[in-house]
Amino acid sequence: MGSVNLEKAMTIHDVARELGVSASTVSRAISGKGRIGNATRDRVLQYIEEHGFYPNAAAQSLAQSRTNNIAIILPEVKTLADMPFFHTCMYGVEEMAQANDYDMLVVITNGRELRPLERLIQNRKVDGMILTRTYADDFFARYLKKKQIPFVTVGQVEDQDIIQVDNDNIGACRELVSVLFSKGIKQIAYLGCSMEQTVNRCRYEGYLAGYAKAGKAVQSEFIYTALNNEAMVEMAVDELLKNQVDCMLCQDDYICDEVIRCLEKEGVDVPRQVKVASCHYSRLLDHYPVTVTSLKFDIMDLGRRACRILLDSINGREVPIRTLLDYEVILKESTK
């Protein structure tokens, strides 16, 4: 164990460094609040008693005001295809939170209902929040910024003062389109839904960027960005088959699942007659005779990184405003 310079006042961080624990652990031992093992608490209290450490008023106030809780804000999920993403992201957040002596509260939002967030903030239940779905006009992000509580968005927002972590959806979709063109495909249709969600807007932007990179003109009759139910997907697939499009690029695994079902129903051979790709991979795409070309993102890492950046922000460390994570293009039978 190292030595502390006794000529200057000892701080919580000095104690934490000497004992090999986090500053939040020392704060919990001093305040008597938060989750901490009895052995660790006794060790901290014994050390500060032996070394004559008495935290100043500001440090005590900080220790007592911290909850060592964070909240993850999840949307109300209505489709099975959405669940894996949010559950996996949540596990990543939980893993990082536990590793740093924090507990995680789960908040399910419905529409623009603010009361669950208001209660957490008013009752000082959490030190920060992670918002897991973002929109073009993000109501929740604006509210959290106004309340000046530390928070991070999983997904991009237009406000460049908000800390955001996301997969590089634009770059990934641009590269996927480029790869498909390199395989000799002439026209790539795009099938998506709600452009209100920023992840969908980013993927569509990547699709357009892929066309621009290839020097090709986008044909509007091959673009669908409002497929909000199965019937609309079926109609779009029928029209694209009539137009003899050679590849259907789906915004996500949910749309891709519906497209594959429609093609199977029509007796269309994938990939001989029509090629299919998805801008997002999940296990939902593993249940077909033909495996689907898609983009693979590390969702666990997305959750971990969002939590790590939030904790750094809570502790006053400098953090990047915008973090984009890498991806992998997975080529499968559906585009061969």
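Shown above is the structure to which this text applies.
Quick caveat, the model's predicted, so the values are computed rather than measured.

(A) Up close: the overall build of the protein chain. Helices and strands together make up the secondary structure of the protein chain, namely twelve helices and twelve strands. Taken over the C-alpha atoms alone, the protein chain extends approximately 80 × 40 × 35 Å along its principal axes. Taken across its 336 residues, the protein chain has 50% of its residues classed as buried. Taken as a whole, the protein chain presents about 16,800 Å² of accessible surface, with 47% of it coming from carbon and sulfur. Computing the positive centroid from 40 side-chain charges and the negative centroid from 46, the protein chain places the two 2 Å apart.

(B) Focus on the pattern of salt bridges. Applying the stated criterion across every chain, the model contains 14 salt bridges. The salt bridge involving glutamate 158 is made with arginine 201; its shortest N-O contact spans 3.7 Å. Taken together, the residues glutamate 158 in the loop between β4 (151-154) and β5 (164-167) and arginine 201 in helix α9 (residues 198-214) connect sequence positions 43 residues apart. Arginine 201 sits in the partly exposed class, given a relative accessible area of 33%. Salt bridges sharing partners connect three or more residues here, namely Lys145, Asp159 and Asp161.

(C) Expanded view of the pairing of strand β3 (residues 128-131). Side-chain alternation along β3 places Gly128 and Ile130 on one buried face and Met129 and Leu131 on a second face that is also buried. Sheet topology note: the strand β1 (residues 69-75)/β3 ladder contains four bridges and is parallel. Across the sheet, isoleucine 73 pairs through a bridge with leucine 131, a residue of β3. Summarising the sheet, β3 and β4 pair through three bridges and their orientation is parallel. For isoleucine 130, the partnering residue across the bridge sits in β4 and is valine 152.

(D) Broad picture of the packing of aromatic side chains. Counting across every chain of the model gives seven aromatic pairs. On the basis of an interplanar angle of 40° and a centroid distance of 5.0 Å, the ring pair of tyrosine 190 and tyrosine 207 is categorised as tilted. Residue tyrosine 190 is located in strand β6 (residues 188-191), and its partner tyrosine 207 is located in helix α9; the two are separated by 17 residues in the primary sequence. Summarising the burial analysis for this pair, tyrosine 190 and tyrosine 207 share the class buried. One aromatic cluster is present, formed by Phe181, Tyr190, Tyr204, Tyr207 and Tyr211 through successive ring pairs.

The rules behind the values
Residues numbered from 1 in each chain as written. Predicted model: local features only at pLDDT ≥ 70, side-chain atom pairs only at ≥ 80, totals over all residues. Heavy atoms only, no water. Helix = DSSP H or I, 4+ residues; strand = E, 2+ residues; numbered from the N terminus. Buried < 20%, exposed > 50% of the residue type's maximum accessible area, 1.4 Å probe, protein only. Areas by Shrake-Rupley, 256 points an atom, 1.4 Å probe, with all protein chains shown as cover. Lys, Arg positive; Asp, Glu negative; His and termini not counted. Charge placed at Lys NZ, Arg CZ, Asp CG, Glu CD. Salt bridge = Lys/Arg side-chain N within 4 Å of Asp/Glu carboxyl O. Pairing = 2+ DSSP bridges. Phe/Tyr/Trp six-rings, centres within 6.5 Å; stacked < 30°, edge-to-face > 60°.

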